[in-house]
Amino acid sequence: MTTPGFQLTSLTLTGQGLEPASLIFGAGLNVISGPSDTGKTFIAECIDYAFGWSQKPSDIPEAAGYETVALGLRALDSGVEYVVERSLRGGGAKVSAAGQPDRILAEKHDPKSSETISAFLLKLCGLDGRVVRTNAQGKTRQLSFRDLAQLIVVSEQDIIKKMSPARSGQNTDKTVEDSVFRLLLTGVDDGSVVAGPDKAIVSAESRGKAELLVFMLEQSRSNLELMAPGATQAGLAEQLVRLDASVAEATAALASEQGAATALEERRRAVWESLRESQSRHAVLSELQGRFTLLGAQYESDLLRLEAIAEAGVRLSQLDESRCPVCGAEAKYHSDEHPDHAVAPEAVAVACAAEAARLRVLVRDLGQTSDQNAAEVRALRDAIEAQKREMYAADEELKTFFKPRLNDVLTRLREVRETQTRVRQALDICSRINELEALQSQLDKSSPVTSKSKFAAAAGSSATEQLSLKIEELLKAWEFPGLQRVTFSDADQDILISGRKRAAFGKGVRAITHAAFTIGLLHYCLDNRLPHPSVIVIDSPLVVYRDPDTEEVGFSRKLKDLVYTTLAAQSERGQIILLENEDPPDGLPATATIIRFTGAAHGRKGFIPQPRARSNNEG
Amino acid sequence: MTSERPVRFTAPFNGPIEIGLRALAVLVESYPSPMSLQRLVVFDYLLVHSDDVPDGPPGLHPRTPHRSGELLVRRQVLQEGLSLYRSRGLVDRQFTPSGLLFSATDTSASFLDVLQSPYAIELRARAVWLQATLGTVTDGNVEALVREHVGEWGAEFTMESVLWAEDSE
């Protein structure tokens, strides 16, 4: 990018059946002078309209019937000549150039589209895709050509305003305007700025958080009062330490009591085991004893029976056998002996005696066994009694001595533990309160993001210093009366001339110094190879109102002439189009383009030609 | 138990002489009325286990477990006993329309009078009591009585399982 920007070549107004209204511009200084109502302001409006202004040019009666405004411009780096055409009714524009297809451009800037008037013009300036800040929190958007418009097309109202030339006066636009101004001064945009949260939202969030914290703190504090009235965190902590010690002590006591009881319980259990054994054995042996008794009775009975059987046998044998004892046949009919018949009564007596002897031995043996068993049964009974007594004694001891002590210790332990739990819970609430209080103070400290902070300083005092120097140069060349230093006020984004704020001067001085500011900015950018459209249109910078201002006493015709002559001499430093009531002085170099409207019948009356009788070939 | 011995050996207990003696004692008290073999079986049991009858005199034999089984095994030996005593003319056998019946003879009582052993004397006393108590009860009712009580006779030893457990160790 060698020479960014463009130069206006022509402005043409066309309408069906009407003679076109046309102006041809040259490089460097262009002066269009003439009385009021010759269309000077209308010219400035048309140029700005072609630059994508949403406001249509004033509806002056001379412009009735004209439909299209066409602005010719030449890109300074490529030399390509464009024509930007726009209907006076509104809508977008058409851009045409030799050897290129026509482009339809939308009126409004759209970061997503390159087919807008703004994008087209910004590209010519080398300012396309730039980013500017829109609010103090660092929100950003893409630069639009309209952001530059007020710095390059100055209307006759704006020229006398008290605000800085870089500002429109809308407080909400201040950040953007300062950012745009900074961009031109430094060539650095705000693309790297990260947006912080919206101040209003942050503030609302903070309030909400603060309220919630207050509520939670109140709740926690009242819970604490309920649980441990009048307690402090330190006090509770101390209490907990003491309680822990109590618990340990009680636990130890419990262990020792249990230990002592354990020995006794062991013994009791051992006794219980042997008691059960004894009882079981006793049951068995008692049963056995019963059997022995029965057996003894059996033996006794058997002995008696043997005696009786022996006697009966003897007596039977003394009787004659009248019949066979086996088959019952009478003797006289009986011849053979039966095999296998029952033993003869005689033999039975002998058998009985033998059997009785055997029995008596058994009786004796049984007697011994039985006695032994009986003795053991008796011994067991005694043992059982003794063991029962022993167990009973142990039970008694456990019950009367150990149990109460154990219960005491257990109760004590339980109580201490309960208190311990309560204290712990209270301490939990305390730490919760601490946390909440910490959050609260944290919240109080952090104020919502105010990044009126240091971003703004990035403009760098050197840039504004240099700008001030350029403006000073211009004013010096124009022989501004009483000129000392020109300095810059960051707060106002405006200059101070000889220590006095620009806004504090009268409107005539304000107009001239506004022009100096605007032209100074152009020179500054050109000299420092910073992007700038390289064209400025200023409406009525030198007009002085009829009513003399006491401030204006020092003005002379000389200043106005010097303005023209100095600007005319610098035709290589951008294109400057001035619209003025009074004619410029004669003798300006040929490099300056002078267009005079007469407002009368001779010469060119005004911008828009008088309507002539229509002929088919014109229009 | 020692009372249960197979009949084939020369064991005098519950042999024909003893059983026949007991039957004779019973028949003498019911003389001249005859009795069936089955009635004699029951009466023989009740004679020696008189304490199994409520309010009966003390039993001659001990109350052994499962003694009611004696009712089942007596029949054979009873027959042999009756045959033995019949061979000496002390028991008479009759065939009647009611079946086979046995009775004492006119010499039976004097035979018993001769016996002096204490057991025999006690036996005769029991026989008197038995005849007085059940003499008029019909055979059918006697059977009914037995059936009713047979489960109890010999079922006193409930802890027997304890002894079996001891034995198995």
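Since the structure is predicted, the reported quantities are computational estimates derived from the model, not experimental observations.

Student: Just to check I follow, could you spell out the overall build of chain A for this structure?
Tutor: Across its full length, chain A holds 10 helices and 16 strands. Burial statistics for chain A: of 619 residues in total, 42% are counted as buried.

Student: Can you walk me through the overall build of chain B in this structure?
Tutor: Within chain B, the secondary structure is distributed over seven helices and three strands. Seen in sequence order, chain B has helices and strands lined up from the N terminus as α-β-α-α-β-β-α-α-α-α. When each of the 169 residues of chain B is scored for burial, the buried share is 50%. Restricting to contacts in chain B with at least 6 residues of sequence separation, those with at least 24 account for 68%. Carbon and sulfur atoms provide 56% of the accessible area of chain B, an area that totals close to 7,900 Å².

Student: I keep staring at the sheet that holds strand 14 (residues 535-539) of chain A and nothing clicks. Help me out?
Tutor: By way of backbone hydrogen bonds, the strands of a sheet pair with one another, either parallel or antiparallel. All names here are of chain A. One open sheet holds the five strands; their spatial order is 10-14-15-3-16, and the pairing between them is parallel. Both edges of this open sheet fall to strand 10 (153-154) and strand 16 (593-596), since each of them pairs with a single strand only. The pairing of strand 3 (residues 29-33) with strand 16 spans four bridges and is classified as parallel. Directly across from Ser33, in strand 16, lies its bridge partner Arg596. Seen against the sheet, helix 9 (residues 507-527) touches strand 10, strand 14 and strand 15 (575-580) and runs at an angle of roughly 175° to strand 14.

Student: Even after reading the chapter, I still don't get the nonpolar core, so can you show me in this structure?
Tutor: The tendency in soluble globular proteins is for nonpolar side chains to be buried side by side. Of all hydrophobic cores here, the largest spans 99 residues; its most connected members are Phe6(A), Leu8(A), Leu11(A), Leu13(A), Phe51(A), Leu73(A) and Phe607(A). The element best represented in this core is helix 9 of chain A, accounting for 11 residues. By size, the runner-up hydrophobic cluster in this structure holds 59 residues, among which are Phe13(B), Ile19(B), Ala25(B) and Trp153(B).

Student: What is the right way to read the side chain of Ser301(A) from this model?
Tutor: Here Ser301(A) lies in helix 6 (residues 233-318). Not counting residues within four places of it along the chain, the set of residues in contact with Ser301(A) comprises Leu60(B), His61(B) and Pro62(B).

Student: When you look at the sheet that holds strand 6 (residues 93-97) of chain A in this model, what are you seeing that I'm missing?
Tutor: Residues and elements named next belong to chain A. Ordered in space as 2-1-4-5-6-7, the six strands form an open sheet in which the pairing is antiparallel. Two strands close off the open sheet at either side, each with one partner strand: strand 2 (21-24) and strand 7 (100-105). Neighbour-to-neighbour, the strand axes of this sheet turn through a mean angle of 20°, independent of strand direction. One ladder, built from seven bridges, connects strand 4 (residues 68-75) with strand 5 (residues 81-87); its direction is antiparallel. Residue pairing in the sheet places Thr68 in a bridge with Ser87 of strand 5.

Student: Any chance you could explain helix 2 (residues 117-125) of chain A here in plain terms?
Tutor: An α-helical segment advances 3.6 residues per turn. Residues three or four places apart therefore align on the same side. Residue and element names in this part refer to chain A. Buried residues dominate helix 2, accounting for eight of its nine residues. For helix 2, the complete set of buried residues consists of Ile117, Ser118, Ala119, Phe120, Leu121, Leu122, Leu124 and Cys125. Residue Gly126 follows helix 2 closely and has a positive phi angle near 80°.

Student: Help me understand the packing of aromatic side chains, please; the structure alone is not making it clear to me.
Tutor: For any two aromatic rings, the description comes down to two numbers: the centre-to-centre distance and the angle of the planes. Residues and elements named next belong to chain A. Counting across every chain of the model gives 11 aromatic pairs over all chains. Ring centres of Phe6 and Phe145 lie 6.4 Å apart, and the angle between their planes is 35°; this geometry places the pair in the tilted category. In this pair, Phe6 sits in strand 1 (residues 6-14) while Phe145 sits in helix 3 (residues 145-152), placing the two residues 139 residues apart along the sequence. This pair shows no difference in class: Phe6 is buried, exactly as Phe145 is. Consider the rings of Phe480 and Phe505, whose centres lie 6.5 Å apart with planes at 85°: the pair is edge-to-face. Here the residue Phe480 occupies a position in the loop between helix 8 (461-477) and strand 11 (486-489), and Phe505 occupies one in the loop between strand 13 (500-501) and helix 9, the gap between them amounting to 25 residues. Put simply, the rings of Phe6, Phe51 and Phe145 touch in pairs and so form one group of aromatic residues. If you follow Arg86 out to its NZ or CZ, it ends over the ring of Tyr49, 3.9 Å from the centre.

Rules behind the numbers
Residues numbered from 1 in each chain as written. Chains lettered and ligands numbered in written order. Predicted model: local features only at pLDDT ≥ 70, side-chain atom pairs only at ≥ 80, totals over all residues. Heavy atoms only, no water. Helix = DSSP H or I, 4+ residues; strand = E, 2+ residues; numbered from the N terminus. Buried < 20%, exposed > 50% of the residue type's maximum accessible area, 1.4 Å probe, protein only. Contact = heavy atoms within 4.5 Å. Areas by Shrake-Rupley, 256 points an atom, 1.4 Å probe, with all protein chains shown as cover. Pairing = 2+ DSSP bridges. Axes fitted to C-alpha atoms, helices over the stretch in contact; angles between N-to-C directions. Core = buried A, V, L, I, M, F, W, Y, C linked by side-chain atoms within 4.5 Å. Phe/Tyr/Trp six-rings, centres within 6.5 Å; stacked < 30°, edge-to-face > 60°. Lys NZ or Arg CZ within 6 Å of the ring centre and 35° of its normal.

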